[in-house]
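# Observations on the three-dimensional arrangement
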Amino acid sequence: MNKEILSIKNLKIGYETESGLLIAVNSVNLNVYSGETLAIIGESGSGKSTLALSILRLLPSNAKIISGSIEYSGVDLLSLTDEEMRKIRGNKIAYIPQEPSTALNPSFTVYTFLKDVVYSHRFIEKKELKKYLIDVLKKVRIPNPEKFLNSYPFELSGGMKQRILIAASLLNNPNLLIADEPTSALDVSVQAQILALISSLKKEFNMSIIFITHNLSVAAQIADRIAIMYAGKVLEIGDINEIYENPAHPYTQGLLSSVPRLQRTKRLRSIPGFIPNLTNPPSGCIFHPRCPYIKEKCKKFEPKKYNLSNNHEVYCWLYGE
Amino acid sequence: MKFIAGYTVNKMKDLIRVEELRKYFSLGGFLSKKVTVKAVDDVSFSISEGETLGLVGESGSGKTTLGKTVLRLYKPTAGKIYFMNKDITNLKENEMRKIRRFMQIVYQDPYSSLNPRMRIKEIVSRPLIVHNLINNKKELNEKIISTLIKVGLDETFLDRFPHELSGGQRQRVAIARALILNPKFIVLDEPTSALDVSVQAEILNLLKDLQEEYHFSYLFISHDLSVVNFMAHKVAIMYLGKIVEYGSPEDIYNEPLHPYTHLLMQSIPQPDPKERKLSFIEGEPPNPINVPSGCRFHPRCKYMLEICKNKEPLLQEIKPGHLVACWLYRKNEN
Amino acid sequence: MIEGLLTKKFGSGALYTWRKIKRNRNIKVGFIFLGIFLIISLFPWAFSVYDPYKGDLKESFSPPSFEHPFGTDYLGRDLLSRVLWGARTSLIIAMLGVLLASTLGTLIGTISGYYKGKLDYIIMRVVDVMLAFPDFLLALFIIAVTGPGLWNVILAIAFYNFPQFVRISRGSTLAIREMDYVEAAKALGEKDFSIIFKYILPNSLSPVIVHFTLRLGASILTAAGLSFLGLGVQPPTPDWGLMLNEALTYLSFAPYMWVFPGIFLIMTVIGLNLTGDGLNDVLNPRVRE
């Protein structure tokens, strides 16, 4: 087994709201191994974005880390000081956001932006820097990088902007890349390009990637392992081929059968019900109000983890006592 | 020879027929250079009763503009629109108003398509009030509740405001609003793109059920070919304001003709890790301000011929019901 | 109980906003000052028995004492009651003036923003010209035309506030008319009139309301300024600005004639500004916290 690069243990995060404490991440246990792409798949309210932001410690002010740890290379990120964390962000652990348009400062050229990213962590001579930036821009397949450096964000298309953000994330040779729905705002043909790009860059830079998405098809293109999140909990996690072929958790099964395929089908299966109120989550298994296979036990007790194989775990009473 | 997609279908049975429709926007004015965006440029199609035409395209394709122009939310720059065999292209607004009860729209963003200051019961009742279709309060209430039930909601939603509902619920309200007038034609502009995957499935199933029961015609606009293949009887692929391919979902899936359709099919990910297609396709969806000469797709086309740079190909029927606008194909050839 | 009513009438969004209002420090502090102002202006007789118009010359120029907590002025009128009733004058002027400006201004701004085109262009140029002048000058202009007096002051206040409301409501309208739900209303067949009053106005009022509260304070100051110059409210009406003017002549030996009206003027304006600021924080969308 590969080495662990990130280890999340029992992480519980809540948001303070008018109606009470909203549990967004509910005792999550998750490992990311070196050299792999882990896709965290979830719908709205699943907690996947909160999880991603918590690794970078970029949560909003009303978020509270209630318990748990996030270990990166043996160090608990939650225990670091702000300055220590800053040295890691954009450096060892990089981030690609969802909306390329709002992530770039409209007053800065590409050059200024990328320069700042580098200088926040180390110093390079100006000439060297320019060469280096052009190099990286070539790697993200931007045509005419020299000219490009002087462009402003408003001159660029969505795909181009996203490439800049990807380039920015690579500038300091990160070990771990967190991509938060990086293709959701892009056209489908551009999405395909960006996914291919991320895949090839991962190999070249020898990184691990945490890829957050709500789209099962996108995850299928790029992930080695996946984790299915629902209402703050991880329900199933493991090798992507195993899970897509034999989805164990009823929620995963529901998700997979609700995706329309290119080949015409008669009817789509959907999952009845709504996500639960996260300020007052249901007892027992968090999915039980919507589960077609519900047993008495599910209403009272939280399911334990079951290993269906050495790379496939599920949290569901259907698989054991 | 010009081909109007779907022309082969009986003209009389067409609920809605669009001929050589164009919609151009002018940008700029006094101080900046005047620029024309040809959002929809010579599009023709028809939809019969109870049928769904799926309109697929990426940004800049003009699909949303087309949908809104057909509803006369924009004034067409040229061409004709026939609805229930009446020429509505240039009707004055107060004449158009009477027709509007038969044509409705459902928008992509459930968060901005409902008036935040109106309660659900008011949102759903406005159509009836505007068209004077209701006589007394009791009847109104009954009609509202029965429509809400049809879309999977109930009377507890009557007094709520949109911000109290989830995305899927709001979209159901938007559908109820479109339904309540018993329209004949509904334009669905990416109605599920902003929803979670499981909710999307419910809404798509609902739309299909409603069509079966009430024989609505849909113009279903989407960037997602998989969703369109599920919903539509006929599919039109749009690129930079033009229809480049037209056929049944099976035709498009089994035998995509146009290189752009190929590109789309290649790009669309499927939920199967064994079918990974991570190859480097070049090019980006273009800007409709700078339309390439000749065939608009030629700068991105692997199979580009000399003629493609200079002459625009017209839609030709290559097989019955399957049309494509591409110099690679000539009628009666393969 | 207020919360219950709010939720019923306006939905849970209003409840959320109400709670935010309750928590806002500016509003809490501002409201203390405001509260005082409102109480004394609405119930001035509760705090003083003297008639603000009647003076007892024998008592003139008495410094603050038990019988006259604020002293008396040159005509022997009790200053406490004049200050209290002065609050009422300010309230009337500010409320009516700004109300007139906001109602007319919002109507015209909304129509202008909705229809755009030539009408909008002309209206905006007129507004631009008006905005080029300092507020006070515009108010003076009206007084020059109409002469001084309570109702003319109200007109003046309305006049100089008017262009601001046109601008604000037009801006709001321009944004809202592009929203899907407005287009959906057109697709339904709604008439323009309904669209403006049912779809656009209810959603564009937030910035208008905030501006309304902010202008109240400024208007009271302007009115006081006009009265101070003798161009506003005329004697014997109790009015803070007027009282300041009257105190001028007797500045050195009867400071109590201007100290109290001055303090109350400041407190009221601060209260209104704080409340307006707080409301602005609550009602206007902020960058992600």
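Residues numbered from 1 in each chain as written. Chains lettered and ligands numbered in written order. Predicted model: local features only at pLDDT ≥ 70, side-chain atom pairs only at ≥ 80, totals over all residues.

## Thoughts on the overall build of chain C
This is how the line gets drawn: Helix and strand assignments follow DSSP, with helices taken as H or I runs no shorter than four residues and strands as E runs no shorter than two, numbered in order from the N terminus. Here a residue counts as buried when 20 or more other C-beta atoms sit within 10 Å of its C-beta, as exposed when there are 12 or fewer, and as partly exposed otherwise, the C-beta atoms being derived from the backbone. Here, residue contact means that the backbone-derived C-beta atoms of the two residues sit within 7 Å.
The number of helices and strands found in chain C is 11 helices and zero strands. Mapped in sequence order, the helices and strands of chain C form the string α-α-α-α-α-α-α-α-α-α-α. Seen through its principal axes, chain C has C-alpha atoms that stretch 75 × 50 × 30 Å. Considering chain C as a whole, with its 289 residues, one finds that 46% of them fall into the buried category. Taking the contacts inside chain C whose residues are at least 6 apart along the sequence as the reference set, 67% of them involve residues at least 24 apart.

## Some remarks on the overall build of chain A
The criterion, for reference: Computation of the radius of gyration draws on C-alpha atoms alone. For the globule rule, the value is 2.2 Å times the number of residues to the power 0.38.
Per the secondary structure count, chain A includes 12 helices and 12 strands. For 321 residues, the compact-globule estimate of 2.2 N^0.38 gives 20 Å, and chain A sits close to it at 21 Å. Expressed as lengths along the three principal axes of its C-alpha atoms, the size of chain A is roughly 70 × 50 × 45 Å. The buried share of chain A, taken over its 321 residues, is 45%. Contacts in chain A between residues far apart in sequence, at least 24 positions, make up 65% of those at least 6 positions apart.

## Describing the pairing of strand β10 (residues 242-247) of chain B
All names here are of chain B. The condition that has to hold: When DSSP finds at least two bridges between two strands, those strands are taken to pair.
Of all the six residues making up β10, six are buried; the element is thus mostly covered by neighbouring parts of the structure. In this structure, strand β9 (residues 234-239) lies alongside β10, joined through five bridges in antiparallel fashion. Bridge pairing in β10 links Y239 to K242. Linkage of β9 to β10, two consecutive antiparallel strands, is achieved through a turn of two residues, within which L240 is found at a positive phi near 50 degrees. Pairing geometry for β10 and strand β12 (residues 322-324), over two bridges, is antiparallel. When the bridges of β12 are listed, Y246 appears paired with L323.

## Section: the interface of chain B and chain A
Quick reminder of the rule: Classification convention: Asp, Glu, Lys, Arg as charged; Ala, Val, Leu, Ile, Met, Phe, Trp, Tyr, Cys, Pro as nonpolar; all other residues, Gly among them, as polar.
Each side of the interface is counted separately: chain B has 36 residues, and chain A has 40 residues. Counting residues per element, the side of chain B that touches chain A draws most heavily on helix α6 (residues 197-214) of chain B, at six residues. Of the residues that constitute the side of chain B that touches chain A, the class distribution is 18 nonpolar, 10 polar and eight charged.

## Regarding the nonpolar core
Nonpolar side chains in soluble globular proteins tend to end up buried together. Inclusion rule: Nonpolar cores are identified as sets of buried Ala, Val, Leu, Ile, Met, Phe, Trp, Tyr and Cys residues joined via C-beta atoms within 7 Å.
Of all hydrophobic cores here, the largest spans 194 residues; its most connected members are A:A167, A:F211, A:A219, B:L219 and B:F220. In contact with A:A167, not counting residues within four places along its chain, are A:L114, A:V136, A:L137 and A:V140. Counting 55 residues, the second-largest nonpolar core is a separate cluster that includes C:L138, C:F159, C:V233 and C:M257.

## Remarks on the interface of chain C and chain B
The interface of chain C with chain B comprises 16 residues on the first partner and 23 residues on the second. When contributions to the side of chain C that touches chain B are tallied by element, the ones reaching two or more residues are α2 (12-23), α8 (180-188) and α9 (192-228) of chain C. Top contributing element to the side of chain C that touches chain B by residue count: α8(C), with seven residues. Taken together, the residues that form the side of chain C that touches chain B break down as seven nonpolar, five polar and four charged.

## Focus on the environment of C:Y16
Along the chain, C:Y16 turns up in helix α2. Along the chain, C:Y16 and C:P236 lie 220 residues apart, while their C-alpha atoms are 47 Å from each other.

## Looking at the sheet that holds strand β3 (residues 37-42) of chain A
All names here are of chain A. Stated formally: Each axis is a line fitted through C-alpha atoms, taken for helices only over the stretch in contact, and angles between the N-to-C directions span 0 to 180 degrees.
One open sheet holds the eight strands; their spatial order is β6-β7-β8-β3-β9-β10-β12-β11, and the pairing between them is mixed. The open sheet has two free edges, formed respectively by β6 (93-96) and β11 (305-309), since each of these has just one partner strand. On average, each strand axis in the sheet is tilted by 20 degrees relative to the strand beside it, whichever way the strands run. As judged from the four bridges shared by β11 and strand β12 (residues 312-315), these two strands associate in the antiparallel manner.

## Concerning the confidence of the model for chain C
Residues and elements named next belong to chain C. Stated precisely, the cut-off is as follows: The pLDDT value expresses, per residue, how confident the predictor is, ranging between 0 and 100.
When pLDDT is averaged across chain C, the result is 87; 97% of the residues are at 70 or more. The least confident element of chain C is helix α1 (residues 2-10), whose mean pLDDT is 72; the most confident is helix α7 (residues 150-176), at 94. With a pTM of 0.86, the predicted complex shows an ipTM of 0.85.

## Overview of the packing of helix α5 (residues 117-132) of chain C against α7(C)
All names here are of chain C. Rules: Note on angle classes: values under 35 degrees are labelled roughly parallel, values over 145 roughly antiparallel, values of 65 to 115 roughly perpendicular, and the remainder oblique. Put simply, a crossing is left-handed when the front helix is turned counterclockwise from the back one by less than a right angle, and right-handed when it is turned clockwise.
One way to put it is that α5 packs onto α7 with a least axis distance of 9 Å and a crossing angle of 135 degrees. In terms of their interaxial angle, α5 and α7 are classed as oblique. Relative to α7, α5 is oriented so that their crossing is left-handed. Facing α5, whose interface residues are I123, V127, M130 and L131, α7 presents P163, V166 and R167. For the contact of α5 with α7, a count of residues per class yields six nonpolar, no polar and one charged.

## Overview of the packing of helix α4 (residues 110-119) of chain A against helix α7 (residues 158-170) of chain A
Residue and element names in this part refer to chain A. For the pair α4 and α7, interaxial distance at closest approach is 9 Å and the crossing angle is 25 degrees. Comparing the axis directions of α4 and α7 gives the class roughly parallel. Crossing of α4 over α7 shows right-handed handedness. Contacts between α4 and α7 involve V110, F113, L114 and V117 from the former and I164, A167 and A168 from the latter. Partitioning the contact of α4 with α7 into residue classes produces seven nonpolar, no polar and no charged.

## Considerations on α7(A)
Heads up, the condition is: A helix is expected to reach a length of 1.5 Å times the quantity of its residues less one.
Given a rise of 1.5 Å per residue, 13 residues ought to cover 18 Å, and the 19 Å separating the end C-alpha atoms of α7(A) matches this to within 8%. Burial within α7(A) is extensive, with 13 of its 13 residues counted as buried.

## What to know about the environment of B:I149
Residue and element names in this part refer to chain B. Here I149 shows up in helix α4 (residues 137-150). Taking the C-beta count within 10 Å as the criterion, I149 has 12 such neighbours and is therefore assigned exposed. The spatial distance from the C-alpha of I149 to the C-alpha of T261 is 39 Å, given a sequence separation of 112 residues.

## Brief notes about the environment of B:E142
Position of B:E142 relative to the elements: it lies in helix α4. The spacing of B:E142 and B:E155 is 13 residues in sequence and 9.9 Å in space, taken between C-alpha atoms.

## Description of unusual backbone geometry
Cis rather than trans, the peptide bond between C:P235 and C:P236 has omega equal to 5 degrees. Positionally, C:P236 belongs in the loop between α9 and α10 (240-248). The backbone phi angle of A:R141 is positive, close to 60 degrees, even though this residue is not glycine. Here A:R141 shows up in the loop between α5 (126-139) and α6 (145-148).

## A look at the pairing of β6(A)
Residues and elements named next belong to chain A. Of the two faces of β6, both are covered, the one formed by I93 and Y95 as well as the one formed by A94 and I96. Two elements, β6 and strand β7 (residues 176-180), share four bridges in a ladder whose sense is parallel. Note that in β7 the partner of Y95 across the bridge is I178.

## Some words on the confidence of the model for chain A
Taken as a whole, chain A shows an average pLDDT of 91; of its residues, 99% reach a score of 70 or greater. Mean pLDDT across the secondary structure elements of chain A bottoms out at helix α3 (residues 100-103) of chain A, with 87, and peaks at strand β9 (residues 225-230) of chain A, with 96.

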